[in-house]
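Understanding the architecture of this molecule
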Amino acid sequence: MSETAAVDATVSTPATQDAVVRIENLSKSFDGRMVLDNVGLTVDHRKILAIIGQSGGGKTTLLRCVNLLERPDNASMEVMGETVFAGDRLVCGDLAKLRRSVGMVFQRFNLFPHLTAVENVMLAQLRAGIAEKEALERAVQLLCRVGLAHRGVAYPEQLSGGEQQRVAIARALALRPSVLLFDEPTSSLDPESTGEVLRVMRELADDGMTMILVTHELPFARDVADTVVFVDGGRIVEQGTPAEVLGNPREPRTKAFLASSTASH
Amino acid sequence: MLGLALALLRVSKHRVMRWPAAIYTELFKNVPLLAIIFVTYFGLASVGLRLGVFEAGSLSLVVFYAAYLSEIFRSAISGVHAGQQEASEALGLGRVSTFTHVIFPQALRSALPGTNTMFVDLLKSTSLLVTISAAELMSQGRLITSATFRALEVYLVIAAIYFVLCYPLSQGLLWLERRIRAGVPLTPGRRRRLRAAKALLKGAVA
Ligand SMILES: Nc1ncnc2c1ncn2[C@@H]1O[C@H](COP(=O)(O)OP(=O)(O)O)[C@@H](O)[C@H]1O
Ligand SMILES: [Mg+2]
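For clarity, every value in this text was computed on a predicted model and none was experimentally measured.

Conventions used here
The residue numbering used here restarts from 1 in each chain and proceeds along that chain's sequence as written. As they are written, the chains are lettered A onward and the ligands numbered 1 onward, keeping that order. Per-residue local features are limited, in this predicted model, to residues with pLDDT of at least 70; the limit for side-chain atom pairs, both in listing and counting, is 80 or more; totals at the level of whole chains, interfaces and linings are taken over all residues. Hydrogens and water molecules were not included; the side-chain quantities draw on all heavy atoms of the structure. Two strands are said to pair when DSSP picks up at least two bridges between them. Each helix is a run of DSSP H or I of at least 4 residues and each strand a run of E of at least 2, with the numbering of both proceeding from the N terminus. Fitting a line to C-alpha atoms yields each axis, with helices limited to the stretch in contact; the angle taken between N-to-C directions then spans 0 to 180 degrees. The contact criterion used is simple: two residues touch if any of their non-hydrogen atoms lie within 4.5 Å. Two parts lose some accessible area (1.4 Å probe) when they are put together, and adding that loss for both gives the buried area. Salt bridge criterion: a side-chain nitrogen from Lys or Arg within 4 Å of a carboxyl oxygen from Asp or Glu. Polar contact criterion, stated in full: a pair of N or O atoms within 3.5 Å, where within protein one must be able to donate a hydrogen and the other to accept it, and residues adjacent in sequence count only if both atoms are side-chain atoms. For this analysis, a ring pair means two rings from Phe, Tyr or Trp (six-membered ring only for Trp) whose centres lie within 6.5 Å, classed as stacked if their planes differ by under 30 degrees, edge-to-face if by over 60, and tilted for the remaining angles. We call a residue buried when its accessible area falls under 20% of the maximum for its residue type, exposed when it is over 50%, and partly exposed in between, using a 1.4 Å probe and counting protein chains only. Sitting over a ring, as applied to charges here, requires NZ of Lys or CZ of Arg to be within 6 Å of the ring centre and within 35 degrees of the ring normal. UniProt positions are given in the numbering used here, feature names are shortened, and annotations may be inferred rather than shown by experiment. Residues are counted as near a molecule or strand when any one of their heavy atoms sits within 4 Å of it. Every accessible area reported is derived by Shrake-Rupley at a probe size of 1.4 Å, with residue values counting cover from the shown protein chains alone. Any residue that is not Ala, Val, Leu, Ile, Met, Phe, Trp, Tyr, Cys, Pro, Asp, Glu, Lys or Arg is counted as polar, Gly included; the first ten are nonpolar and the last four charged. What a helix is expected to span follows from its residue count: subtract one and scale by 1.5 Å. Bend angle per residue: angle between axes fitted to the 7 residues ending at that residue and the 7 residues starting there.

Across a sheet, paired strands are connected by hydrogen bonds in the backbone, their directions being either parallel or antiparallel. Residue and element names in this part refer to chain A. Here we have 6 strands laid out as an open sheet, ordered S7-S8-S9-S3-S10-S11, and mixed in their pairing. Two strands bound the open sheet, and with one partner strand each, they are strand S7 (102-105) and strand S11 (235-240). Ignoring which end each strand starts from, the neighbouring axes of this sheet average 20° apart. As judged from the 4 bridges shared by strand S3 (residues 48-52) and strand S10 (residues 227-232), these two strands associate in the parallel manner. Residue pairing for S10: Leu49 is matched across the bridge by Thr227. On the sheet, helix H2 (residues 59-66) packs against S3, S7, strand S8 (179-183), strand S9 (211-214) and S10 and is oriented at approximately 155° with respect to S8.

This part covers the interface of chain A and chain B. Each partner contributes to the interface: chain A provides 36 residues, whereas chain B provides 28 residues. Carbon and sulfur atoms supply 67% of the area that chain A and chain B bury against each other, a total of about 2,700 Å² over both sides. Counting the surface chain A buries against chain B, the share from its top three residues, Phe112(A), His114(A) and Arg127(A), is 20%. On inspection of chain A and its partner chain B, the count reaches 3 salt bridges. The shortest N-O distance in the salt bridge between Glu132(A) and Arg193(B) comes to 2.8 Å. Our count for the contact surface shared by chain A and chain B stands at 8 residue pairs in polar contact (both at pLDDT 80 or more). When residues of the side of chain A that touches chain B are traced back to their parent elements, those giving at least two are helix H3 (95-100), S7, helix H4 (117-127) and helix H5 (132-145) of chain A. Take the side of chain A that touches chain B: its biggest share by element is 7 residues, from H4(A).

With that out of the way, let us pick up the packing of aromatic side chains. Summed over the entire model, instances satisfying the criterion amount to 3 aromatic pairs over all chains. Measuring from ring centre to ring centre gives 5.8 Å for Phe99(B) and Phe104(B), while their planes differ by 40°; the resulting arrangement is tilted. The class of Phe99(B) is partly exposed, set by a relative accessible area of 22%. Phe104(B) sits in the partly exposed class, given a relative accessible area of 26%. Considering the side-chain rings of Phe163(B) and Tyr167(B), the 5.2 Å spacing of their centres and the 20° angle between planes classify their relative orientation as stacked. Placement of the pair is Phe163(B) and Tyr167(B) together in helix H8 (residues 151-181), with a separation of 4 residues, close to one helical turn. Over the face of the ring belonging to Phe112(A) we find Arg171(A), whose NZ or CZ atom lies 4.6 Å from the ring centre.

Residue position: Arg171(A) is located in helix H6 (residues 161-173). Separated by 28 residues in sequence, Arg171(A) and Leu143(A) have C-alpha atoms that sit 8.9 Å apart. If near-sequence neighbours (up to four positions away) are discounted, Arg171(A) is found in contact with Phe109(A), Asn110(A), Leu111(A), Phe112(A), Asn120(A), Val121(A), Ala87(B) and Leu91(B). A polar side-chain atom of Arg171(A) sits 3.4 Å from the main-chain carbonyl oxygen of Phe109(A).

Moving on: the pairing of strand S4 (residues 74-79) of chain A. All names here are of chain A. Residues Ala75, Met77 and Val79 of S4 are buried on one face, while the alternating residues Asn74, Ser76 and Glu78, pointing to the opposite face, are not. Alignment of strand S1 (residues 19-30) against S4, held across 5 bridges, turns out to be antiparallel. Paired with Ile23 across the bridge in S4 is Met77. With antiparallel pairing between neighbouring strands as the criterion, S4 and strand S5 (residues 82-87) make up a hairpin whose turn holds 2 residues, including Met80 at a positive phi of roughly 55°.

What follows covers unusual backbone geometry. Residue and element names in this part refer to chain A. Located in the positive-phi region is Asn25, a residue other than glycine, with phi close to 50°. Residue classification places Asn25 among the partly exposed residues on the basis of a relative accessible area of 46%. Although it is not a glycine, Asn110 adopts a positive phi angle of roughly 55°. Mapped onto the secondary structure, Asn110 falls in the loop between S7 and H4.

The UniProt entry lists residues 21-258 of chain A under the feature "domain: ABC transporter" (unreviewed entry), expressed in the numbering used here. Here residues 21-258 of chain A runs as 37% helix and 28% strand, with 27 Å between its end C-alpha atoms.

Another aspect to go through is the site of ligand 1. All names here are of chain A. Around ligand 1 sit Phe30, Arg33, Val35, Gln54, Ser55, Gly56, Gly57, Gly58, Lys59, Thr60 and Thr61, and that is every residue in its neighbourhood. One of the side-chain N or O atoms of Thr61 is found 2.5 Å from an oxygen atom in ligand 1. For ligand 1, the accessible surface in isolation is 560 Å², of which the surrounding protein chains cover 63%. Contributions of two or more residues to the shell around ligand 1 are made by strand S2 (33-44) and H2. For the shell around ligand 1, the residue count by class is 2 nonpolar, 7 polar and 2 charged.

Turning next to helix H7 (residues 191-206) of chain A. Residues and elements named next belong to chain A. Look at H7: 22 Å from first C-alpha to last across 16 residues, which is about the 22 Å you get at 1.5 Å a residue. Residues Ser193, Thr194, Glu196, Val197, Leu198, Val200, Met201, Leu204 and Ala205 constitute the buried set of H7. In this structure Asp190 caps H7, since a side-chain oxygen of it lies 3.1 Å from the backbone nitrogen of Glu192. Positioned one or two residues after H7, Gly208 has a phi angle of 90°, which is positive.

Residues and elements named next belong to chain A. One open sheet holds the 5 strands; their spatial order is S2-S1-S4-S5-S6, and the pairing between them is antiparallel. Because the sheet does not close on itself, it has two edges, and the strands there are S2 and strand S6 (89-90). Both S4 and S5 contribute to a ladder of 5 bridges, which runs antiparallel. Of the residues in S5, the one forming a bridge with Met77 is Phe85.

With that settled, consider helix H4 (residues 53-78) of chain B. With 26 residues, H4(B) should cover 38 Å at 1.5 Å per step; its first-to-last C-alpha distance of 37 Å lies within 8% of that length. Ala66(B) marks where H4(B) bends most, by close to 25°.

What follows is the structure, given as structure tokens:
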């Protein structure tokens, strides 16, 4: 199959509106403790937003709010121009539809261990009513795309961490989402596997996939991101282009974070 | 089946559903099977509900083993990593699909060894029904022994019959367990899917 065909199939149809995800005034607390405090962010079509910050700052929670795995206490949220959350109310009529248009890749892969790689990529398609043959063809195409066609009938436990995460990316792409969420996709990987996964993600970026990416790979974020957001203590401390936030930060807390994370690398 | 239903109730989010199931389980888990058999056969009869030997026996075994099986299933279901539920929901699978396609197949794998033991135990427990039944295997033995006075031989034969019934069952379940662990697809549908996948993948690699 030709390279362009694979590429076209991955990228969703252009949205009529620019913002794929728009979040305003998002607050979330766990057991009375504020974890996200009045956070807002916007990701435009074909753009990449990188979220950086110390562990415990609320990055994962923020990401999980986007596909409503976590329910905000308060927020106004739009996905693909559709209001999904307003005030303290969920207004999304079809949660499954929202989640099918938002793909998610987890830090610990979370592949389904009882299914082979290709079945992992097929499951959501079959459940969404896509015919067996079509689902299989798409799954194979996506496995090719992440360079794992030769491992298609292996079970997750037979795959390396990097391979598992690439299958997870294929799985997240299966329903042609409008945006992909990555939660520290390389944090539990060795350097070699990290390289494999970042390569796949860079290709997605080059194809114009819209992404929100929580990462500690600052050089990667600098390369691919259009916007970098520094989150600390449940607030957005600083946001701007990679050159601004990573190259020339204004806020003392951002500077401190960058100093500590470059020192540790 | 009852065991699974009880397990589902017990992992439910709602206390109203968890409680009755928990009470049921604790009750029947901590009462000897023999007592349950006596209650269903003699006890119920005394209040006017006469059950046949077979009905009373089956009922006792079902309520008793359901309690144990529900424990096994419950721990198997809650043993499935929370990330599985999340990954499934993030893919837009609903609650029912998530359970049937993601949680249950994994729970089944970890529940199989315990279930295996329970089934064999259940089969062996039918020997307790001797207390209420004249037609059951053990009491047939008593009839024959009293007729022939060869107690040892007769009871050895009965033991052998139980063994012949239980051994294949437990071996069969062990075989199933091994197949599942080895990742062998068990349903024809899944076998077909994997065959098609292999063919297509081979073409893609070449
Ligand atoms: N389900 C939860 N229940 C209670 N507290 C939570 C839960 N999830 C996250 N938290 C808390 O929220 C804070 C932010 O966590 P998280 O979003 O995971 O941060 P990060 O991803 O930036 O490390 C942490 O203090 C964490 O302990
Ligand atoms: Mg996190």
